[in-house]
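Architecture at a glance
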Amino acid sequence: MMEAMMDFFEAVENRYSHKERFKPTPVPLADLERIAKAGLAAPTGMNSQCVRLVILSSKEALQPLCDVMPTDGMLTAPAAIALLTDSSTQTGQYNFEVEDYAAAAAQMLLAATALGYASLWLDSPYFDEDKQKAALAVLNAPAEFHLRVVLPIGLPDGPGSRREKLPFEQRVSYGTCKW
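Not measured: the values here are computed from a predicted model. (Residues numbered from 1 in each chain as written. Predicted model: local features only at pLDDT ≥ 70, side-chain atom pairs only at ≥ 80, totals over all residues. Heavy atoms only, no water.)

**Some words on helix α2 (residues 29–40)**
With 12 residues, α2 should reach 16 Å at 1.5 Å per residue; the first-to-last C-alpha distance of 16 Å fits that figure. On its buried face, α2 sits against β1 (51–56), β2 (79–86), α5 (97–114) and β4 (145–154). (Helix = DSSP H or I, 4+ residues; strand = E, 2+ residues; numbered from the N terminus. Expected span 1.5 Å × (residues − 1). Contact = heavy atoms within 4.5 Å.)

Below is the structure:
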């Protein structure tokens, strides 16, 4: 387990989408479980708790998913966590799957950063129906599940590129919109 842990605001400030390569250093299962627990602690609409996680704790476990989506991040990550939603948990007129997985993913990204790892919200390849089906088959997911995002997790192999955020003053207004 990583020893030093950042405080919350430091993790928020340091989190970025790591789109480069990872070091081959394994991520301890205890750290992956801690990251997963952070995601499962996220709020859920009407307490539906539709998010399901698959921890891929080794290169061997991750390889079949890499075959579906061979990006640098996936191919070099020593571990990953796949976030799925179970549509059978959604009842009535409301469906909170998107909000629920987004909240879980955000908390997991912050937890990974706090533990000293880099990660990336990787979802766009799964917008393709064929890749979605292939990934669900690899993960042995039930028919009512949808793969939403995969978070490759590991130590960055270099500083990683970071995109500039717009200044606070351009994105925040007080009382009414000022844009």
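**With respect to the packing of α2 against α5**
At a minimum axis distance of 7 Å, the contact between α2 and α5 shows a crossing angle of 145°. Two packed elements cross with a definite hand, and for α2 against α5 that hand is right-handed. Taking contact as the criterion, the partners of Ile-35, Ala-36, Ala-38 and Gly-39 in α2 are, on α5, Ala-104, Gln-107, Met-108, Ala-111 and Ala-112. When its residues are assigned to classes, the contact of α2 with α5 shows seven nonpolar, two polar and no charged. (Axes fitted to C-alpha atoms, helices over the stretch in contact; angles between N-to-C directions. Left-handed = near helix turned anticlockwise from the far one by under 90°. Nonpolar A, V, L, I, M, F, W, Y, C, P; charged D, E, K, R; others polar.)

**Things to note about the packing of aromatic side chains**
The way to describe two aromatic rings as a pair is by their centre distance and the angle between their planes. What the rule picks out here adds up to three aromatic pairs. With 6.0 Å between their ring centres and 25° between their planes, Tyr-94 and Phe-96 make a pair best called stacked. Taking the relative accessible area as the measure of exposure, Tyr-94 reaches 46% and is therefore partly exposed. A cation over a ring is seen here: Arg-162 above Tyr-16, with NZ or CZ 3.8 Å from the ring centre. (Phe/Tyr/Trp six-rings, centres within 6.5 Å; stacked < 30°, edge-to-face > 60°. Buried < 20%, exposed > 50% of the residue type's maximum accessible area, 1.4 Å probe, protein only. Lys NZ or Arg CZ within 6 Å of the ring centre and 35° of its normal.)

**Digging into α5**
Helix length check: α5, at 18 residues, gives a terminal C-alpha distance of 26 Å against a target of 26 Å (1.5 Å per residue), a fit within 8%. By the burial criterion, the buried members of α5 are Glu-97, Asp-100, Tyr-101, Ala-104, Ala-105, Met-108, Leu-109, Ala-111, Ala-112, Thr-113 and Ala-114. For α5, the elements touching its buried residues are α1 (8–14), α2, β1, β2, β3 (118–119) and β4.

**What about the pattern of salt bridges?**
Scanning the entire structure with this criterion turns up three salt bridges. A salt bridge links Arg-148 to Glu-97, with the shortest nitrogen-to-oxygen separation between them at 3.3 Å. Here the residue Arg-148 occupies a position in strand β4, and Glu-97 occupies one in helix α5, the gap between them amounting to 51 residues. The shortest N-O distance in the salt bridge between Lys-133 and Glu-129 comes to 3.2 Å. Of the two residues, Lys-133 and Glu-129 both sit in helix α6 (residues 129–138), four residues apart, roughly one turn of that helix. Look at Lys-133 and you get exposed, because its relative accessible area is 52%. (Salt bridge = Lys/Arg side-chain N within 4 Å of Asp/Glu carboxyl O.)

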